[in-house]
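Observations on chain architecture
So you can see what is in the structure, the chains are spelled out below.
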Amino acid sequence: MKVRPNISIINAMIRITAGFATLAWITSKMVRRPHRDSYKLVALLAGMKIAEGILRYCPLTAGFERFQEYRNDHNSENNHYNFDFDDFEAKANGDGGADSYNPS
């Protein structure tokens, strides 16, 4: 598996900024109540956002892109989801308007 940047520079900067802001906020919360496990989880997630911004790689984005490629390859083989939109356009233009209903 190759790890290549899959997010833009601006997206990376937003992730870094949000990660540091969340980490600073949760650190201040952990000072008052250090034994809360939920604070540790949020700090871990904030650190992950910082790492995503620095590396410019998001595993969820990569997984979504791989799923889209798989779905496109799978759909082209079986043709289950290839719709013909000409019927809808004909009805919208009034050519096949006997079945259409317009309440206005």
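Scroll up to find the structure this text is about.
Residues numbered from 1 in each chain as written. Predicted model: local features only at pLDDT ≥ 70, side-chain atom pairs only at ≥ 80, totals over all residues. Heavy atoms only, no water.

What to know about the overall build of the chain
If you tally the helices and strands in the chain, you get 4 helices and 0 strands. For the chain, the α and β elements follow one another from N to C terminus as α-α-α-α. Considering the chain as a whole, with its 104 residues, one finds that 15% of them fall into the buried category. Looking at the chain alone, contacts between residues at least 24 apart form 65% of all its contacts between residues at least 6 apart. Within the structure as shown, the chain displays about 8,700 Å² of accessible surface, and the carbon and sulfur contribution to it stands at 59%. (Helix = DSSP H or I, 4+ residues; strand = E, 2+ residues; numbered from the N terminus. Buried < 20%, exposed > 50% of the residue type's maximum accessible area, 1.4 Å probe, protein only. Contact = heavy atoms within 4.5 Å. Areas by Shrake-Rupley, 256 points an atom, 1.4 Å probe, with all protein chains shown as cover.)

Some remarks on the packing of helix α1 (residues 9–32) against helix α2 (residues 37–55)
Look at α1 against α2: their axes get within 8 Å of each other, and the N-to-C directions meet at 155°. When the axis of α1 is compared with that of α2, the two are roughly antiparallel. The hand of the α1/α2 crossing is left-handed. When α1 is examined against α2, the residues Ala12, Arg15, Ile16, Gly19, Phe20, Thr22, Leu23, Ile26, Lys29 and Met30 are found in contact with a partner set consisting of Tyr39, Lys40, Val42, Ala43, Ala46, Lys49, Ile50, Glu52, Gly53 and Ile54. Tallied by class, the residues present in the contact of α1 with α2 amount to 12 nonpolar, 3 polar and 5 charged. (Axes fitted to C-alpha atoms, helices over the stretch in contact; angles between N-to-C directions. Parallel < 35°, antiparallel > 145°, perpendicular 65-115°, else oblique. Left-handed = near helix turned anticlockwise from the far one by under 90°. Nonpolar A, V, L, I, M, F, W, Y, C, P; charged D, E, K, R; others polar.)

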